[in-house]
Amino acid sequence: MALRTAILRHLRVPVTGSNQSQTGFLGSIRAFSSHDDHLSKQEVVDRVLDVVKCFPKVDPAKVTPEVHFQKDLGLDSLDTVEIVMAIEEEFKLEIPDKEADKIDSCPLAIEYVFNHPMSS
């Protein structure tokens, strides 16, 4: 036990100094993070609406932040899957199948993307 303590005391680096030096170190790490700035709600809304408007079977004039893919736009379930895949590609994220099955409208897509920590 004494040998272990002596080795650990030798290997450990004592943490001394002000909090500013620790913050400076963490700040330099955060500066390199690609997810430092989370998307604003309006950015997410605009980009989701753009994805939906660009879908070939959709009339862009009918697309609003409250639109339902099947009820309002007349899309079928396969079209909805394709829109969700396009949203994944737009925001560079992967939506698990269980979650993707629930996304059937712009509000749900917007909410999911906005709350996802890796969306960009």
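This structure is a prediction, so every number in the text was calculated from the model and none was measured. (Residues numbered from 1 in each chain as written. Predicted model: local features only at pLDDT ≥ 70, side-chain atom pairs only at ≥ 80, totals over all residues. Heavy atoms only, no water.)

### A few points about the pattern of salt bridges
In step 1: Scanning all chains against the criterion turns up four salt bridges.
In step 2: We note a salt bridge from K57 to D79, for which the minimum N-O separation is 3.0 Å. Within this pair, whereas K57 is found in the loop between α3 (41-53) and α4 (77-91), its partner D79 is found in helix α4, the two being separated by 22 residues in sequence.
In step 3: Note that E99 and K102 form a salt bridge whose closest N and O atoms lie 3.7 Å from each other. (Salt bridge = Lys/Arg side-chain N within 4 Å of Asp/Glu carboxyl O. Helix = DSSP H or I, 4+ residues; strand = E, 2+ residues; numbered from the N terminus.)

### Re the packing of α3 against helix α6 (residues 106-115)
In step 1: Relative to each other, α3 and α6 sit at 130 degrees, their axes nearing to 9 Å. Classed by the angle they form, the pair α3 and α6 counts as oblique. Relative to α6, α3 is oriented so that their crossing is right-handed. Of α6, the residues touching α3 (which contributes K41, V44, V45, V48, L49 and V52) are C106, A109, I110, E111, V113 and F114.
In step 2: For the contact of α3 with α6, the residue count by class is ten nonpolar, no polar and two charged. (Axes fitted to C-alpha atoms, helices over the stretch in contact; angles between N-to-C directions. Parallel < 35°, antiparallel > 145°, perpendicular 65-115°, else oblique. Left-handed = near helix turned anticlockwise from the far one by under 90°. Contact = heavy atoms within 4.5 Å. Nonpolar A, V, L, I, M, F, W, Y, C, P; charged D, E, K, R; others polar.)

### So, the side chain of S119
In step 1: Note on placement: S119 falls in the segment after α6.
In step 2: A distance of 3.1 Å separates the side chain of S119 from the backbone oxygen of V113, its partner in a polar contact.
In step 3: A polar contact is formed between the side chain of S119 and the backbone oxygen of H116, at a distance of 3.2 Å. (Polar contact = N/O pair within 3.5 Å; in protein donor to acceptor, adjacent residues only side chain to side chain.)

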